[in-house]
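An overview of the molecular structure
If you want the building blocks of each chain, they are given just below.
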Amino acid sequence: MNKCVLSASGSGHPVVCWLLTAAEMKRCDSNTSEIFGVPSVVLMERAALSCVDVIVSRQKKLEEQAGQLGLHPKRRVLIAAGGGNNGADGIAIGRLLLQEGYDVSFYLASGEEKASELLKLQLHTAKAYGAVICDTIPDGEYDIIVDALFGIGLCRPAEGIYREAIEWINAQDAFVLAVDLPSGIETDTGAVLGCAVRADVTVTFGFWKRGLLFYPGCKYTGKVICTQIGITEDGFLNQTPEAFTFTAPVAELLPARPEDGNKGTFGKVLLLAGSEAMAGAAILCGRSAFYAGSGMVKLSCPTLIHPVIQTALPEAMTADSVEASARWADVIGAGPGLSLSDRARKELLFVLQQTLQPLVLDADAINLIAKDEALLQELIEHQQNPATRRKLILTPHPGELARLEGCAIEEILKQPVFYAKKWANRLQAAVLCKGARSIAASPDGSIYINRSGNSGMAVAGSGDVLTGIVTALLSTIDDPFWALCIGVYLHGLAGDLAAHTKGEYSMTSNDIAEAVWAVLVKQEKNYV
Ligand SMILES: NC(=O)C1=CN([C@@H]2O[C@H](COP(=O)(O)OP(=O)(O)OC[C@H]3O[C@@H](n4cnc5c(N)ncnc54)[C@H](O)[C@@H]3O)[C@@H](O)[C@H]2O)[C@@H](O)CC1
Ligand SMILES: Nc1ncnc2c1ncn2[C@@H]1O[C@H](COP(=O)(O)OP(=O)(O)O)[C@@H](O)[C@H]1O
Ligand SMILES: [K+]
């Protein structure tokens, strides 16, 4: 991956949003305090102030609206604090709200004797300002609940009094602000450990955590507000986080289009796609490749389906076999609607063994390789050897990745990041694991987590569109991992546009393909 582009984010590169694990965040916290000398208590005060800002500005709006109706919204707050530094944040928030004139009750779920040092300090200060700390939830009705039970330190399922507190919070008719993360959400995976708070707003400090983006965690966060509390990219030192996502627009990452270019300049894409029963896959893939900027697209598929392809996609050329076009192509994409036929296998073998161009493998190309242990081993050996390695992208869904791995789909779904990384390393390739949050892994260990797209994209042919986009981008973007990340992101944006016009119920994969051009126009114009 082009680390230069990513590290530019320190100077405010608008495209990349880091997604941290708990360990990365802890390292960054401690570097900020220990190397740069910003005391933890200063960071904590800023963290607390940033939450207070959110509460106070919301309250102000409510009071303005209610005032016009002669109403007076109450300011009854409950702070629900755990025994770690997330709890300490909560106590600091409560103390600041007391000073703002709010009616604040404090519930400390863990005993004071088990409190972290910073929590002890915060308890001492809060008490000095008149806070009364209760060891059961004080009876009463609350307008605002601050969830500060657990943050990035959650390490086991929430049980006992913690479960009771979480369930109680979820049963209240109050505005819930989660501090850093909703309690019960695992920082790295977004899994619910036991049970989790359903927040209206999550104020997260310094950087996004992966679990705020992954499902199911993202369903618990409400609106996520990432606040700057003095923990910056300087705190990474030389260890940038593994994972990132894009924030729109990505125009500056798109391949440049030379004014004096010709159709050869913009990529000659050869697609091994389509079969008698799946001609549409080839059409969707080819159409998307054109919309994503390819100069020329040639589809290698059985002669029988040439007429239907020529009719639906007159811009494309057709061929009976890849052999004749192998030299012509700048890039090859293989798999959509290919089938597992003998012809498909023969064609794929030719591509794998007789060509060297950058290659995208999807769907049946992956299934054919997964079925053939010798072929898979040969591919691994080629890719492990720098002398024979080619630029390679794989775009499996979890079922296809499970076939490659030889395990159950559930196993992949439990650890998608792990398996994407494992295959990226094994094949020295950019490997995607598709889903509601597609994960792309690079051989250098970088992870892209995609957040564009919607459930309307869970429709037949959607993956074929992605293959067309990614193959087109691979012809002009040098780094396969970048081509994959950008392709996946644009594909999701096209899905969002299709959902906007046709709705998630009715949109088809062709609607996604037909939205690609509009997404690119928006990117070019630098707005979304
Ligand atoms: N410099 C810093 O370190 C900063 C830390 N901040 C806050 O500190 C938090 C991290 O603090 P901690 O590392 O203390 O972690 P937490 O406060 O998130 O939780 C850790 C505590 O909870 C316990 N615990 C974990 N899972 C449990 C379970 N299921 N049941 C019962 N107890 C459980 C642990 O044993 C530990 O005592 C962040 O999320 C953030 O809110 C912020 O104040 C910003 C600055
Ligand atoms: N709930 C969802 N939210 C966002 N994107 C989704 C969702 N479900 C599926 N997708 C996307 O739709 C595409 C489906 O691809 P794939 O499973 O290969 O479909 P097909 O084989 O039918 O073409 C993937 O890019 C995936 O990330
Ligand atoms: K929390």
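This structure is a prediction, so every number in the text was calculated from the model and none was measured.

1. Overview of the overall build of the protein
Across its full length, the protein holds 17 helices and 19 strands. C-alpha atoms of the protein, sized along the principal axes, occupy 85 × 50 × 45 Å. Across the 528 residues in the protein, those meeting the buried criterion constitute 56%. Contacts in the protein between residues far apart in sequence, at least 24 positions, make up 73% of those at least 6 positions apart. In the form shown here, the protein has an accessible surface area of approximately 22,100 Å², with 52% of it arising from carbon and sulfur atoms. Of the side-chain charges in the protein, 45 are positive and 58 negative, and the distance between the mean point of each set is 2 Å.

2. Describing the coordination of the potassium ion (ligand 3)
Protein coordination at the potassium ion (ligand 3) comes from Asn86 (OD1), Asp147 (O), Phe150 (O), Val179 (O), Leu181 (O) and Ser183 (OG), with a distance range of 2.5 to 3.1 Å. Donor residues for the potassium ion (ligand 3), ordered by position in the chain, follow N-x60-D-x2-F-x28-V-x1-L-x1-S. Highlighted residues: Asn86 in helix α4 (residues 85-99) and Phe150 in the loop between β5 (144-148) and α6 (160-171), separated in sequence by 64 residues. No difference in accessibility class separates Asn86 from Phe150, as the two residues are buried.

3. A short note on the site of ligand 2
If you check the shell around ligand 2, you find 17 residues, and the closest are Lys434, Gly435, Ser438, Gly461 and Gly463. Within the backbone of Met457, one N or O atom sits 3.1 Å away from an oxygen atom of ligand 2. One of the backbone nitrogen or oxygen atoms of Asp464 is found 3.5 Å away from an oxygen atom of ligand 2. When ligand 2 sits alone it has 580 Å² of accessible area, and the protein chains cover 77% of it. At a threshold of 2 Å from the grid points, most atoms of ligand 2 map onto the second largest pocket. Examining the composition of the shell around ligand 2, we find that 3 residues originate from one element, helix α15 (residues 462-476), more than from any other.

4. Side note on the layout of surface pockets
In this structure, the largest pocket spans a volume of roughly 920 Å³. If you trace the largest pocket, you find 36 residues lining it, with Gly84, Asn85, Asn86, Gly151 and Gly153 closest to the centre. Sorting the residues of the lining of the largest pocket by element identifies α2 (22-34), α3 (40-68) and α4 as the ones contributing at least two each. The leading source of residues in the lining of the largest pocket is α2, at 6 residues. Among the residues making up the lining of the largest pocket, the classes are represented as 16 nonpolar, 12 polar and 8 charged. Sorting the residues of the lining of the second largest pocket by element identifies α10 (363-371), α12 (398-405), α15 and α16 (480-502) as the ones contributing at least two each. With 4 residues, α15 is the single largest residue contributor to the lining of the second largest pocket.

5. As for the side chain of Ser183
Within the secondary structure, Ser183 is located in the loop between β6 (175-179) and β7 (201-205). Among the polar contacts made by the side chain of Ser183, one reaches the main-chain amide nitrogen of Phe150 at a distance of 3.0 Å. Not counting the four nearest positions on each side in its chain, Ser183 is found in contact with Asp147, Ala148, Leu149, Phe150, Ile166, Cys195, Ala196 and Val197.

6. A short note on the pattern of salt bridges
Under the counting rule described, the total for this entry stands at 17 salt bridges. Arg95 is the salt-bridge partner of Glu45, the closest N and O atoms lying 2.8 Å from each other. With a gap of 50 residues between them, Glu45 in helix α3 and Arg95 in helix α4 connect regions that are remote in the sequence. Relative accessible area serves as the criterion here: at 8%, Arg95 is assigned to the buried category. Salt-bridge contacts for Asp511 lead to Lys502; the nearest nitrogen and oxygen are separated by 2.8 Å.

7. Regarding the side chain of Ser105
Inspection of the secondary structure puts Ser105 in strand β3 (residues 103-108). Residue class for Ser105 comes out buried when judged on its relative accessible area of 19%. Those residues in contact with Ser105, other than ones at most four positions away along the chain, are Val77, Leu78, Ile79, Pro138 and Tyr142.

8. Here we look at the site of ligand 1
In the vicinity of ligand 1 lie 22 residues, with Asn85, Asp89, Gly151, Arg156 and Asp180 positioned nearest. In the environment of ligand 1, an oxygen atom lies 2.4 Å from a nitrogen or oxygen atom belonging to the side chain of Asp89. Considering ligand 1 on its own, with 870 Å² of exposed area, one finds that the protein chains cover 82% of that surface. Put simply, ligand 1 lies in the largest pocket. When contributions to the shell around ligand 1 are tallied by element, the ones reaching two or more residues are α2, α3 and α4.

9. With respect to the UniProt feature "binding site: AMP" (unreviewed entry) in the protein
Within this structure's numbering, the places UniProt gives as "binding site: AMP" (unreviewed entry) are Lys434, Gly435, Ala436, Arg437, Ser438 and Gly463. On the basis of their most widely separated C-alpha atoms, the annotated residues across 30 residues gather in one place, lying no more than 13.8 Å apart. Filtering the just-named annotated residues for those lining the second largest pocket gives Lys434, Gly435, Ala436, Arg437, Ser438 and Gly463. Among the secondary structure elements, Gly435 is positioned in the loop between β17 (430-433) and β18 (439-441). For Gly435, a relative accessible area of 45% corresponds to the partly exposed category. Of note, Ser438 is situated in the loop between β17 and β18. Once residues within four sequence positions are removed from consideration, Ser438 is found in contact with Leu432, Cys433, Tyr448, Ile449, Asn450 and Val488. A polar contact is formed between the side chain of Ser438 and the backbone nitrogen of Gly435, at a distance of 3.2 Å.

10. Let's talk about the sheet that holds strand β19 (residues 447-449)
Strand pairing within a sheet occurs via backbone hydrogen bonds; the two strands may be parallel or antiparallel. Reading across the sheet, the 12 strands line up as β8-β1-β10-β19-β18-β17-β16-β15-β14-β11-β12-β13 and stay open at both edges, with mixed pairing between neighbours. The sheet terminates laterally at β8 (208-209) and β13 (317-319), the two strands that pair on one side only. Relative to β19, strand β10 (residues 243-246) is paired through 2 bridges, and the arrangement is parallel. Following the sheet pairing, Ala243 is matched in β19 by Ile447.

11. Some words on the nonpolar core
Ile93, Phe246 and Leu361 are the most contacted members of the largest nonpolar core, which totals 168 residues. At 14 residues, the largest contribution of residues to this core is made by α16. Counting only domains with at least three residues in this core, you end up with domain 1 (11-241) and domain 2 (264-524). One finds Tyr107, Ile145, Ala165 and Val176 within the second-largest nonpolar core, a separate group that totals 20 residues.

Criteria and thresholds
In this numbering scheme, every chain counts its residues from 1 along its sequence in written order. Key to labels: chains lettered from A, ligands numbered from 1, both in the order written. Selection of residues for local features in this predicted model requires a pLDDT of at least 70, selection of side-chain atom pairs for listing and counting requires 80 or more, and totals for whole chains, interfaces and linings are taken over all residues. In computing side-chain properties, one takes all heavy atoms of the structure into account and sets aside hydrogens as well as water. Under the DSSP-based scheme used, a helix requires at least four consecutive residues in state H or I and a strand at least two consecutive residues in state E, with every element numbered from the N terminus. Only protein chains enter the area calculation, which uses a 1.4 Å probe; residues under 20% of their type maximum are buried, those over 50% are exposed, and those in between are partly exposed. Here, two residues are considered to be in contact whenever any of their heavy atoms come within 4.5 Å of each other. All accessible-area figures derive from a Shrake-Rupley calculation using a 1.4 Å probe, and residue coverage is judged against the displayed protein chains alone. In this tally, Asp and Glu contribute negative charge and Lys and Arg positive charge; neither His nor the terminal groups of the chain are included. Lysine's charge is taken at NZ, arginine's at CZ, aspartate's at CG and glutamate's at CD. Each metal site lists N, O and S donors within 2.8 Å (3.2 Å for Na, K and Ca). With water left out of the atoms, a site can look as if it is missing ligands. Whether a residue is near a molecule or strand is decided by its heavy atoms; if any one of them lies within 4 Å of it, the residue is near. N or O atoms within 3.5 Å of each other form a polar contact, as long as, within protein, one can give a hydrogen and the other can take it, and as long as residues adjacent in sequence are counted only when both atoms are side-chain atoms. In this analysis, the protein atoms alone were mapped onto a 1 Å grid. Cavities are point sets where a 1.4 Å probe fits without being able to get out; pockets are open sets with protein on both sides within 12 Å along at least five of seven lines; lining residues have an atom within 4 Å of a point. Cavity and pocket membership follows a simple rule, namely that a molecule belongs there if more than half of its atoms are within 2 Å of the grid points. Grid points are joined across faces, edges and corners, and a volume is the space filled by probe spheres set on the points. Side-chain classes are defined by residue name, with Ala, Val, Leu, Ile, Met, Phe, Trp, Tyr, Cys and Pro counting as nonpolar, Asp, Glu, Lys and Arg as charged, and the others, Gly among them, as polar. The working definition used for a salt bridge is a side-chain nitrogen of Lys or Arg within 4 Å of a carboxyl oxygen of Asp or Glu. UniProt positions are given in the numbering used here, feature names are shortened, and annotations may be inferred rather than shown by experiment. By this definition, two strands are paired if DSSP reports at least two bridges between them. In this description, a nonpolar core means a group of buried Ala, Val, Leu, Ile, Met, Phe, Trp, Tyr and Cys residues linked to one another through side-chain atoms lying within 4.5 Å. For every domain, the bounds stem from an assignment made automatically or drawn from a database.

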